[in-house]
Amino acid sequence: MSLFGLVQLGISTIIFLLAASVAKGWALEPTIGKLVLTLALYSAGNLIMLRLVREFGMASAFSLSAVIQLVAVNVIALAWFGERLSIMQSSGVLLAIFAVGLITLGPYLGK
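Structure report, in brief. Just so it is clear, the model here is predicted, and its values are computed rather than measured.

What counts as what
Just so you know, the residues in each chain are numbered from 1, in the order the chain's sequence is written. Restriction of local features to residues with pLDDT of at least 70 applies here, the model being predicted, together with a cutoff of 80 or more for giving and counting side-chain atom pairs; totals for whole chains, interfaces and linings are based on all residues. Side-chain metrics rest on all non-hydrogen atoms present in the structure, leaving aside hydrogens and water. Strands here are runs of E lasting at least two residues and helices are runs of H or I lasting at least four, both read from the DSSP assignment and numbered beginning at the N terminus. Whenever two N or O atoms come within 3.5 Å, that pair is a polar contact, provided that in protein one can donate a hydrogen and the other can accept it, and provided that, for residues adjacent in sequence, both atoms are side-chain atoms. Any two residues having at least one pair of non-hydrogen atoms within 4.5 Å are treated as being in contact. Every case where a carboxyl oxygen of Asp or Glu lies within 4 Å of a side-chain nitrogen of Lys or Arg is listed as a salt bridge. Relative accessibility thresholds used throughout: buried, under 20% of the residue-type maximum; exposed, over 50%; partly exposed, between the two (1.4 Å probe, protein chains only). For every element, the axis is a line fit to its C-alpha atoms; helices are fit only across the contacting stretch, and the angle between N-to-C directions ranges from 0 to 180 degrees. Roughly parallel refers to an angle under 35 degrees, roughly antiparallel to one over 145, roughly perpendicular to one between 65 and 115, and oblique to any angle outside these ranges. Here a crossing is taken to be left-handed if its near helix is turned anticlockwise relative to the far helix by less than a right angle, and right-handed if that turn runs clockwise.

### Focus: the side chain of S63
Part 1 of the reasoning: As for its position among the elements, S63 is in helix 3 (residues 58-79).
Part 2 of the reasoning: In terms of polar contacts, S63 uses its side chain to reach the backbone carbonyl oxygen of A59, at 2.6 Å.
Part 3 of the reasoning: For S63, the residues in contact, after removing those within four places along its chain, are M58, V100, I103 and T104.

### Side note on the pattern of salt bridges
Part 1 of the reasoning: Scanning the model with the defined rule gives 1 salt bridge in all.
Part 2 of the reasoning: A salt bridge links K24 to E83, with the shortest nitrogen-to-oxygen separation between them at 2.7 Å. Placement of K24 in helix 1 (residues 3-28) and of E83 in the loop between helix 3 and helix 4 (87-109) is noted, with a sequence separation of 59 residues between them.
Part 3 of the reasoning: K24 sits in the partly exposed class, given a relative accessible area of 25%.
Part 4 of the reasoning: Given the relative accessible area of 33%, E83 is considered partly exposed.

### Some remarks on the packing of helix 2 (residues 32-56) against helix 3
Part 1 of the reasoning: Where helix 2 meets helix 3, the axes come as close as 7 Å, and the angle between the chain directions of the two elements is 130°. Looking at the two axes, helix 2 sits oblique to helix 3. Relative to helix 3, helix 2 is oriented so that their crossing is right-handed. Along the contact surface, helix 2 presents M49, L52, V53 and F56, while helix 3 presents M58, S60, A61, F62 and S65.

Structural measurements only, silent on function.
Below, the structure is given as structure tokens:
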């Protein structure tokens, strides 16, 4: 994984987090502007992901992006919007992080 790839992953993550936050804002108070901004942000994030898929492969690119977003979106949902997770949901988040770790590191550990 190259430094440029990690930078792109970081940028796409920030864009996806902004999109998720705007989407939550839309859910609380729907306006056409929030909807358009949400769609534009998700589109921009996915365009960056297309480049990452070409560079790292689909499994690695989407798995890394998913776990980073999973953790970051939950932090925002819990800290900013005051949402709470049940024990079952929290267990699911931890298992997802573990699963993506196995997918990402598997090729390197399985040799």
